[in-house]
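Observations on chain architecture
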Amino acid sequence: MTSSKIKFIATDMDGTLLDNSKVLSPDFHTLFPRLEQAGILFAAASGRQYYSLLETFSAQQNEMVFIAENGTLVMYKGEELYSATIDRDEITQVIETTRAIDDAFIVLCGKKSAYIETQDPTACEEIARYYHRCEYVDDLLSVEDEFIKVAILHFGGTEALVYPSIHAAFGDSHQVVVSAAIWLDVMNARASKGDAIRHLQETMGFTYEETMSFGDYFNDVEMLEASYHAYAMENAHEKVKAYARFIAPSNEDKGVYVVLERLLEQRQ
């Protein structure tokens with residue numbers, strides 16, 4: 001399968017496009033217009049909030065797609081293309097169940113903002129990395145918004161300390177995914193980066209064979225499955241690599257850039 005036919009590229013952010021300091025390389029700003037000239041649509045596909053992604057890609061925000069909140073919200077040129085919401089009753093159940101987990105912090109993710117009821121400084125610092133529009137409230141159950149995700153932060157590790165109980169309670173009715181070592185997301189059962197990409201394939205005129213993606217963690221699995229040119233990073237979780245057709249160099253070695261430079265060279 002030749003990479004010269006690629007029309008759409010989606011990349012995860014943390015552990016993938018960003019370095020370990022969560023910084024976007026200046027190289028991106030010279031690479032992006034070259035992708036545009038090649039007729040390739042680029043998407044940031046992340047567990048991060050839409051408003052956080054807008055800030056990171058302020059110079060490109062009108063030319064790229066944002067697959068935010070792990071695929072629960074897709075935006076393009078300021079317009080919503082797709083969303084997967086969660087009913088208020090279900091949100092209440094997830095919040096009440098999570099409150100019973102020792103040392104867990106909850107981020108309630110709505111379309112307008114993220115909401116927290118913690119003032120723990122360490123938790124707030126971590127949350128601010130990913131949610132640039134975030135409001136403190138006394139009670140998450142009183143918030144009015146359209147909800148797309150509940151994110152759970154646990155500094156002891158979500159795979160061991162949060163996933164078992166949350167998956168047992170909601171795994172049959174919702175998408176429950178460990179999105180990073182200390183983060184877990186609960187979403188609509190049909191929500192994922194992969195479902196978002198399949199929606200874009202159907203509505204924007206590109207195919208599975210014309211799709212390339214990059215990821216490193218469990219929230220990227222469906223995205224890799226939705227892409228023929230599926231790359232796991234060298235630093236990816238070992239179980240995630242099994243879902244990829246190719247391996248890119250690590251994020252610290254600018255693996256995404258290495259692969260995209262090779263792609264653009266083939267098109268010259």
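Residues numbered from 1 in each chain as written. Predicted model: local features only at pLDDT ≥ 70, side-chain atom pairs only at ≥ 80, totals over all residues. Heavy atoms only, no water.

**Topic: the overall build of the protein chain**
Let me state the cut-off plainly: Helix and strand assignments follow DSSP, with helices taken as H or I runs no shorter than four residues and strands as E runs no shorter than two, numbered in order from the N terminus. The globule rule used for comparison is 2.2 Å times the number of residues to the exponent 0.38, while the radius of gyration itself is calculated over C-alpha atoms. Computed with the Shrake-Rupley method and a 1.4 Å probe, the accessible areas treat only the protein chains shown as cover for residues. Neither His nor the chain termini are counted; the positive set is Lys and Arg, and the negative set is Asp and Glu. To locate a charge, take atom NZ for lysine, CZ for arginine, CG for aspartate or CD for glutamate.
Secondary structure assignment for the protein chain yields 11 helices and 14 strands. The C-alpha radius of gyration computed for the protein chain amounts to 18 Å, which stays within 12% of the reference 18 Å derived for 268 residues, consistent with globular compactness. Dimensions along the principal axes, computed over C-alpha positions, put the protein chain at roughly 55 × 35 × 35 Å. If you sum the accessible surface of the protein chain, you get close to 11400 Å²; carbon and sulfur atoms cover 46% of it. Distance between charge centres in the protein chain, computed from 22 positive and 43 negative side chains, equals 7 Å.

**Let's talk about the packing of aromatic side chains**
Filter applied, for reference: Planes of paired rings set the category: under 30 degrees apart is stacked, over 60 is edge-to-face and the rest tilted, where pairs are Phe, Tyr or Trp rings (Trp by its six-membered ring) whose centres lie within 6.5 Å. Only lysine NZ and arginine CZ atoms are considered, and such an atom sits over a ring when it is within 6 Å of the ring centre and within 35 degrees of the ring normal.
Applying the stated criterion across every chain, the model contains 15 aromatic pairs. Measuring from ring centre to ring centre gives 6.2 Å for Tyr208 and Tyr228, while their planes differ by 90 degrees; the resulting arrangement is edge-to-face. Separated by 20 residues along the polypeptide, Tyr208 in the loop between α8 (193-204) and β12 (211-215) and Tyr228 in the loop between α9 (221-225) and β13 (229-233) bring together distant segments of the chain. Each member of the aromatic cluster is reached from another via a ring pair, and the members are Phe28, Phe32, Phe42, Tyr50, Tyr51, Phe57 and Phe66. Here the basic side chain of Arg133 rests over the ring of Tyr51, its NZ or CZ set 3.7 Å away from the ring centre.

**Some words on the nonpolar core**
For the record, the criterion: Side-chain atoms within 4.5 Å are what join buried Ala, Val, Leu, Ile, Met, Phe, Trp, Tyr and Cys residues into a set we call a nonpolar core. Type-normalised accessible area, obtained with a 1.4 Å probe on protein chains alone, sets the label of each residue: buried when under 20%, exposed when over 50%, and partly exposed for intermediate values. Residue contacts are counted whenever heavy atoms from the two residues lie within 4.5 Å of one another.
Residues Ile9, Phe57 and Phe214 are the most contacted members of the largest nonpolar core, which totals 46 residues. With 6 residues, helix α11 (residues 255-266) is the single largest residue contributor to this core. Not counting the four nearest positions on each side in its chain, Phe57 is found in contact with Met13, Leu17, Leu24, Phe28, Ala44, Met64 and Phe66. Grouped together as the second largest cluster of nonpolar side chains are 23 residues, Leu108, Phe147, Val150 and Val186 included.

**Here we look at the sheet that holds strand β11 (residues 183-188)**
Inclusion rule: Two strands pair if DSSP finds at least two bridges between them. What counts as an axis is a line fitted to C-alpha atoms, over the stretch in contact for a helix, and the angles between N-to-C directions run from 0 to 180 degrees.
Spatial strand order, β8-β7-β6-β9-β11-β10: 6 strands in an open sheet with mixed pairing. The outermost strands of the open sheet, each flanked by one partner alone, are β8 (134-136) and β10 (174-180). The mean angle between the axes of side-by-side strands here comes to 25 degrees, regardless of whether they run parallel or antiparallel. Pairing of β10 with β11, which is carried by 6 bridges, proceeds in the antiparallel orientation. When the bridges of β11 are listed, Gln175 appears paired with Met187.

**Quick word on the sheet that holds strand β3 (residues 65-68)**
If you walk across this open sheet you meet the 8 strands as β5-β4-β3-β2-β1-β12-β13-β14, and the pairing is mixed. The sheet is open, and its two borders are formed by β5 (79-83) and β14 (246-248), each paired with just one other strand. The sheet shows a mean angle of 20 degrees between the axes of neighbouring strands, direction not considered. Both β13 and β14 contribute to a ladder of 3 bridges, which runs parallel. Residue pairing across strands places Ala232 opposite Ile247, the latter belonging to β14. Relative to the sheet, α8 contacts β1 (8-11), β2 (41-45), β3, β4 (73-76), β5 and β12, its axis offset from that of β5 by approximately 120 degrees. Sheet strands touched by α11: β1, β12, β13 and β14. Its angle to β12, the strand with the most contacts, is close to 160 degrees.

**Looking at the pattern of salt bridges**
Formally: Salt bridges, as used here, are contacts in which a Lys or Arg side-chain nitrogen is within 4 Å of a carboxyl oxygen on Asp or Glu.
With the rule as written, the count across this model stands at 18 salt bridges. Of the charged contacts, one joins Glu144 and Arg88 as a salt bridge, the two residues approaching to 3.6 Å between their closest N and O atoms. A residue pair is termed long-range when its members are at least 10 positions apart, and Glu144 in the loop between β8 and β9 (147-153) and Arg88 in helix α4 (residues 88-99) qualify at 56 residues. In this structure Arg88 comes out as partly exposed when scored by relative accessible area, which is 31%. Among the salt bridges present, the one from Arg99 reaches Glu117, with a minimum N-O distance of 3.1 Å. Remark: Glu117 occurs in the loop between β7 (114-116) and α5 (121-130) and Arg99 occurs in helix α4; sequence separation between them is 18 residues. Residue class for Arg99 comes out partly exposed when judged on its relative accessible area of 39%. Residues joined by salt bridges that share partners form a network here, namely Asp12, Lys193 and Asp220.

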